[in-house]
Amino acid sequence: YSEALAEIGVEIAGRHRPSLGGSRNLSGAPGMIPGMHQHRFGRKRTLRRARAAAVLITAGIGAASFVLSFSSLCDLASRSTWPARLAWLWPVIVDGTIVLCTMAIVALGGYHHQRGNRRFFWSYLVTAAAVSLSGNVVHALLPHGASLGPWLAAAIACVPPLALLASTHALQVL
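The rules behind each value
- Residues numbered from 1 in each chain as written.
- Predicted model: local features only at pLDDT ≥ 70, side-chain atom pairs only at ≥ 80, totals over all residues.
- Heavy atoms only, no water.
- Axes fitted to C-alpha atoms, helices over the stretch in contact; angles between N-to-C directions.
- Helix = DSSP H or I, 4+ residues; strand = E, 2+ residues; numbered from the N terminus.
- Parallel < 35°, antiparallel > 145°, perpendicular 65-115°, else oblique.
- Left-handed = near helix turned anticlockwise from the far one by under 90°.
- Contact = heavy atoms within 4.5 Å.
- Nonpolar A, V, L, I, M, F, W, Y, C, P; charged D, E, K, R; others polar.
- Expected span 1.5 Å × (residues − 1).
- Buried < 20%, exposed > 50% of the residue type's maximum accessible area, 1.4 Å probe, protein only.

Participant: Looking at this structure, I do not really get the packing of helix α4 (residues 115-141) against helix α5 (residues 150-173). What am I missing?
Facilitator: Axis separation between α4 and α5 bottoms out at 12 Å; the angle between their running directions is 155°. Our classification of the angle between α4 and α5 gives roughly antiparallel. Two packed elements cross with a definite hand, and for α4 against α5 that hand is left-handed. Together, Asn-117, Phe-120, Phe-121, Tyr-124, Val-131 and Val-138 of α4 and Leu-152, Val-159, Ala-163, Ala-166, Ser-167, His-169, Ala-170 and Val-173 of α5 make up the contact between the two elements. Class assignment for the residues of the contact of α4 with α5 results in 11 nonpolar, 3 polar and no charged.

Participant: Explanation requested: helix α3 (residues 89-108) in the structure shown.
Facilitator: Two residues of an α-helix separated by three or four positions point the same way, owing to the 3.6 residues in each turn. The terminal C-alpha atoms of α3 lie 28 Å apart, and with 20 residues this matches the ideal 28 Å at 1.5 Å per residue to within 8%. Listed as buried for α3 are Trp-90, Pro-91, Val-94, Asp-95, Thr-97, Cys-101, Ala-104, Ile-105 and Leu-108.

Participant: Looking at this structure, how should I read the environment of Arg-119?
Facilitator: Note that Arg-119 resides in helix α4. A C-alpha to C-alpha distance of 8.7 Å links Arg-119 and Ile-105, two positions 14 residues apart in sequence.

Participant: Help me understand the side chain of Thr-97 in this model?
Facilitator: With respect to the helices and strands, the residue Thr-97 is situated in helix α3. The residues touching Thr-97, leaving out its near neighbours within four places in the chain, are Val-92, Tyr-124, Ala-128 and Ala-163.

Listed below in structure tokens is the structure:
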């Protein structure tokens, strides 16, 4: 809104000062109200810097969250049915799915006709986040070194084939 008013102000300033040769401001730019050019670009520069900082902070939070969640989920998987050397694959599947869904939601965001596909990715994202969150909670509640019960181990074992099915559909959608 203020930028639209500023543009109107620029035109008005140029029309009311014909004797100044097209209304030059202190910086020599024609058709500008003094100080307006610098103020508008200053705001845009500040916004770009804030967005860049937000991206870096989000990436840092994402990396730290992934590392901590990976550690918990890997330990949880090693207590279930898989040998320790393969346990690292389970958090890659769970947290990798979260990254996949987030990227797909962003990629499809500008396409209004993709509403059903975005809904699929949102439900897939919520499900994967619930699995990750539940796994981290269970890991925190279990005593160190305790084994999992058979039903919990079975639930953990179901995640990879279900993730494969959903990821295959996701690939087809994208």
